[in-house]
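# A look at the structure
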Amino acid sequence: MIQLYHVHKRYPNGCDALSDVTMRVREGEFVFLTGPSGAGKSTLLHLLLVMERVTDGQILIGGRNIHVLRDASVPYLRRNIGVVFQDFRLIGRRTVFDNVAIALEIMGLTRKEVERRVGQLLDGLRLTHRAGAYPGDLSGGEQQRVAIARALVNEPAILLCDEPTGNLDPDLGHDIMNLLLDVNRRGTTVVVATHDAGLIERYGLRTLVLARGTLVEDRPRSGRLAPIERGPAAAVGPDPLATSTAATSAGAAAFADIAEEAP
Amino acid sequence: MKRGPRIGYVLRQSAQLVRGSPWLTAVSAVTIALALTLVGLFAMVLFNANHVLHDLGQSLSLSVYVKDTATQQDIATIETRLKQRHGVKALKTLTREQDRERNRKLLDKDLLEGLDESAIPGQPVIEVEIDADLASRGDVEELVTWTRAIQGVTSVEDVEFGAEKLRLLFAIVEIARTIGFVLSVVLLASAMFFVFSTIRLGVFSRRDEIEILSLVGATPGFVRVPFLVEGALQGLAGALVAMVLLGLLHLELRSLVRDVYMLNATWSLLPPSMVLWLLIGGPAVGLAASAMSVGRYLKV
């Protein structure tokens, strides 16, 4: 699903953020991306979202080489990649409902369809009672769930999370992880960037370790996957996405219709 | 699926932009309104002035006063010469007595009482009716030159020509046209600057939102359209206000022209074509200004 070949990223100030990174994330995988601050985790996520372009090397997402993707096609690529930021990046002047609805509205869905799908997802994430609230009125955990809802509402093939539990207390972080694992079980490829060693240790999933811009370790899944616990503060229900219309329907095929590659 | 944003979404977002800075939006709309009103006013004044000049040109006449010493032969020569001029419709020669009679009718009866007959001015005169379709200032200039030529003829005492006033009118209209053009350009430019600035502030205050929209896969068009619509809406509001202002000005000016100058001219500051121009021009000005602002400041 995600393939990097000898990816190099150098910033205009001469700083090498990534050097010769080669890796592959298969469809339906759950991968942690870790390393100390400045290791290149965020840069890697930025490259996957085409917020920045590689200096050298190739990145393939869903089989498409995003290095040669035209600027005009970038939005269509991003629609297949859900993204959750550490600071949530919710729009303060829009309600919870409207924040989640954005991802569908950009696709030109009818208001009715938007209402139906957002309603279902908020219901699944037990956020229905907060639909009319503004992000500023929500707790950190609620904001993170809204951000995840926005990332998932258009059923992307890939979900990228940048420190999704970083701003939350451990219990809430645990809930969010359970939610992400649920999403992954439904077929979405999930990449979680985190520097929380405890979190990685606890779940024993495949972990890519970056240090000073290079991939220093590709630690396979330990096999001792921690059971999905339902902590006492489990705001997320037994199957939060059960009411969602469908799991990630598309997989790699979702990227097939992103046309218009540069010659 | 490459579909643009829904109209409902765009209108909701544009309305939110307007609500976000109602005063700035109002100032922009009022600036556009003032600019359009003045441009409209200039356009209509010039249009109507040209119309009036044309009407005046239709009923133009020339009075050629002949010297007392002129013989019948001299008068006949002048008449022949006048008739040769292209566009001379008719000639009417009045003797001294006929002219005096005409003048007597023009004067107040009380004034004439006890007045000696010879005190009333009277002079042989040839009234020349000109069939000049005065479409331009050039026609008037040509007539003036011709009039001067007649004045040079022996036995012509004086030539009274109504077109001298027309010349002045033409000059005024010409100056008004230049001033109007310059003012219109300045006003429209400042109105556009206001819209440009309002949109720029809107873009700045929504930097985060724009970035988020872009990251979740919004196309540049999707992000820009609400700002463009906001600009066009400001222009439309300006056009509507301009229509009201022009309508009020029209009523005020019409009564002024009718009551003070007793001119029963048919004119309008707000003919259908003007309404159409305002409805197109207002939003176009707003759209152009917001497009410039968005193009310059909204990088997606």
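Description of the structure in this document. Here the residue index of a chain counts from 1 through its sequence in written order. As they are written, the chains are lettered A onward and the ligands numbered 1 onward, keeping that order. Residues qualify for local features only when their pLDDT is at least 70, as the model is predicted, and side-chain atom pairs are given and counted only at 80 or more; totals for whole chains, interfaces and linings, by contrast, use all residues. Based on all heavy atoms of the structure, the side-chain values leave hydrogens and waters out of the count.

With that settled, consider helix H4 (residues 96–106) of chain B. Residues and elements named next belong to chain B. Each residue is placed in one exposure class: buried if its accessible area under a 1.4 Å probe, protein chains only, is under 20% of its type's maximum, exposed if it is over 50%, and partly exposed if it falls in between. Here a strand is any run of E in DSSP of at least two residues, a helix any run of H or I of at least four, and the numbering for each starts at the N terminus. If you check which residues of H4 are buried, you get Asp99, Arg100 and Asn103. In an axial view of H4, the angular spread of the buried residues amounts to 100°, which keeps them on one side of the axis. Turned more than 90 degrees away from the buried face of H4, the exposed residues are Glu97 and Lys105. A contact between two residues is defined here by any heavy atoms of the two lying within 4.5 Å. Looking at the buried side of H4, the elements it contacts are strand E1 (60–66), strand E2 (88–94) and strand E3 (125–130). Comment: arc refers to directions from the helix axis out to C-beta atoms.

Moving residue by residue along a regular strand, the side chains alternate between the two faces of the sheet. Residues and elements named next belong to chain A. A large share of strand E8 (residues 189–193) lies buried, amounting to five of its five residues. Covered by surrounding structure in E8 are Thr189, Val191 and Ala193 together with Val190 and Val192, the residues of both alternating faces. Where strand E3 (residues 30–34) lies against E8, four bridges are found, and the strand directions are parallel. The residue of E8 that forms the bridge with Val31 is Val191. Strand pairing requires that DSSP identify at least two bridges connecting the strands. Strand direction decides the pairing type here: strand E7 (residues 158–162) and E8, joined by five bridges, are parallel. Looking at the pairing, Leu160 lines up with Val191 of E8. Handedness of a crossover is defined as follows: with both strands directed away from the viewer, a clockwise route from the first strand across the helix to the second makes it right-handed. What joins E7 to E8 is helix H6 (residues 170–185), and the crossover it makes is right-handed.

Another aspect to go through is the sheet that holds strand E1 (residues 2–10) of chain A. All names here are of chain A. The sheet built from four strands is open, its strands ordered E2-E1-E4-E5 with antiparallel pairing. Among the strands making up the open sheet, the edge pair consists of strand E2 (16–25) and strand E5 (64–65). Pairing analysis gives six bridges linking E1 to E2, with the strands arranged antiparallel. Opposite Lys9, over in E2, you have Leu18 as the bridge partner. Fitted lines through C-alpha atoms serve as axes, helices being fitted only where they are in contact, and the angles separating the N-to-C directions of these axes extend from 0 to 180 degrees. Those strands touched by helix H1 (residues 41–48) are E1, E2 and strand E4 (56–61), and its axis lies near 115° from that of E1.

Here the focus is the pattern of salt bridges. By definition here, a salt bridge exists when the distance from a side-chain nitrogen of Lys or Arg to a carboxyl oxygen of Asp or Glu is within 4 Å. Under the criterion given, the structure shown has 21 salt bridges over all chains. Arg89 of chain A serves as the salt-bridge partner of Asp87 of chain A, at 3.5 Å between the closest nitrogen and oxygen. The partner of Glu113 of chain A in a salt bridge is Arg116 of chain A, with the nearest N and O atoms 3.0 Å apart. You can see Glu113 of chain A and its partner Arg116 of chain A sitting in helix H4 (residues 111–124), three residues apart, about one turn around the helix. Under the relative-accessibility criterion, Glu113 of chain A is labelled partly exposed at 25%. Given the relative accessible area of 38%, Arg116 of chain A is considered partly exposed. Beyond isolated ion pairs, a larger network of salt bridges with shared partners links Asp98, Glu105, Arg111 and Glu115 of chain A together with Arg12 of chain B.

Take the interface of chain A and chain B next. Contacts between chain A and chain B engage 24 residues on the former and 23 residues on the latter. Summed over both partners, the accessible area lost on bringing two parts together, with a 1.4 Å probe, is the buried area. When residues of chain A are sorted by the area they lose upon contact with chain B, Arg93, Arg94 and Ile106 of chain A head the list and together hold 26% of the total. Connecting chain A to chain B are four salt bridges. Between Arg12 of chain B and Glu105 of chain A there is a salt bridge, with the nearest N and O atoms lying 2.8 Å from each other. In protein, a polar contact means a hydrogen-donor-capable atom and an acceptor-capable atom, both N or O and within 3.5 Å, with residues adjacent in sequence counting only if both atoms are side-chain atoms; elsewhere, any N or O pair within 3.5 Å suffices. Across the contact surface, chain A and chain B share nine residue pairs in polar contact (both at pLDDT 80 or more). Contributing elements (two or more residues each) for the side of chain A that touches chain B: helix H2 (74–78) and helix H3 (96–105) of chain A. Among the elements that take part in the side of chain A that touches chain B, H2 of chain A stands out by supplying three residues, more than any other.

Here we take up the environment of Val125 of chain B. All names here are of chain B. Of note, Val125 is situated in strand E3. Exposure remark for Val125: the relative accessible area of 0% places this residue in the buried category. When the C-alpha atoms of Val125 and Asp158 are compared, they prove to be 9.5 Å apart, with 33 residues separating the residues in sequence. When near neighbours in sequence (up to four residues on either side) are disregarded, Val125 contacts Ser63, Val64, Tyr65, Lys92, Thr93, Leu94, Asp99 and Arg102.

Now for the nonpolar core. Residues and elements named next belong to chain A. If you look at the biggest cluster of nonpolar residues, it comprises 78 residues, and the most contacted ones within it are Phe30, Phe32, Val118, Leu159 and Leu180. Excluding residues within four positions of it along the chain, Phe30 makes contact with Met177, Leu180, Leu181, Asn184, Val190, Val192, Leu205 and Arg206. Counting residues in hydrophobic clusters, the runner-up holds 36 residues, among them Val7, Met23, Val74 and Ile158. Take the buried residues of types Ala, Val, Leu, Ile, Met, Phe, Trp, Tyr and Cys, join any two whose side-chain atoms come within 4.5 Å, and each joined set is a nonpolar core.

It is worth spelling out a nonpolar patch on the surface at this point. Within this analysis, patches are made of residues with over 30% relative accessible area and no salt bridge. Like charges are joined at 9 Å or less; nonpolar side chains (Val, Leu, Ile, Met, Phe, Trp, Tyr) at 5 Å or less. For the area figures, the Shrake-Rupley method with a 1.4 Å probe applies, and any residue is considered shielded solely by the protein chains shown. Judged by side-chain polarity, Phe181, Val182, Val185 and Val186 of chain B come together as a nonpolar surface patch covering roughly 380 Å² of accessible area. Tracing the backbone through its elements, the reader meets Val185 of chain B in helix H7 (residues 163–205).

The next thing to look at is the packing of H3 of chain A against H4 of chain A. Residue and element names in this part refer to chain A. Interhelical geometry of H3 versus H4 gives an angle of 120° and a closest axis separation of 9 Å. Classified by the angle their axes make, H3 and H4 are oblique. Where H3 crosses over H4, the two elements pack in a sense that is right-handed. Across from Val96, Phe97, Asp98, Val100, Ala101, Leu104 and Glu105 in H3, the residues of H4 making contact are Arg111, Val114, Glu115, Arg117, Val118, Gly119 and Leu122. Per-class residue counts for the contact of H3 with H4 are eight nonpolar, one polar and five charged. We call two directions roughly parallel when the angle between them is under 35 degrees, roughly antiparallel when it is over 145, roughly perpendicular when it lies between 65 and 115, and oblique otherwise. Crossing handedness: left-handed means the near helix sits turned counterclockwise from the far one by under a right angle, and right-handed means the same turn made clockwise. Following the grouping adopted for this structure description, the nonpolar residues are Ala, Val, Leu, Ile, Met, Phe, Trp, Tyr, Cys and Pro, the charged ones are Asp, Glu, Lys and Arg, and the polar ones are all others, Gly among them.

The subject of this paragraph is the sheet that holds strand E9 (residues 206–211) of chain A. Residues and elements named next belong to chain A. The strand order E6-E7-E8-E3-E9-E10 describes an open sheet built from six strands, whose pairing is mixed. A single partner strand is all that each edge strand has here, and the edge strands are strand E6 (81–84) and strand E10 (214–219). Direction aside, the axes of adjacent strands within the sheet are offset by 20° on average. Bridging between E6 and E7 involves four bridges; their strand directions are parallel. The residue bridging Val83 from the neighbouring strand is Leu160, located in E7. Sitting on the sheet, H1 touches E3, E6, E7, E8 and E9, and the angle it makes with E7 is about 150°.

Attention shifts here to the packing of aromatic side chains. Residue and element names in this part refer to chain B. Two rings from Phe, Tyr or Trp (for Trp, the six-membered ring) form a pair when their centres sit within 6.5 Å of each other. Planes less than 30 degrees apart are called stacked, planes more than 60 degrees apart edge-to-face, and all others tilted. Enumeration over the complete set of coordinates arrives at five aromatic pairs over all chains. Judged by centre distance (5.7 Å) and plane angle (65°), the ring pair of Phe196 and Tyr297 falls under edge-to-face. Of this pair, Phe196 sits in helix H7 while Tyr297 sits in helix H10 (residues 272–297), placing them 101 residues apart in sequence. Given the relative accessible area of 23%, Tyr297 is considered partly exposed. Plain terms: the ring middles of Phe204 and Tyr297 are 5.7 Å apart, the flat faces sit at 70° to each other, and that makes the pair edge-to-face. With Phe204 in helix H7 and Tyr297 in helix H10, this residue pair connects regions lying 93 residues apart in the sequence.

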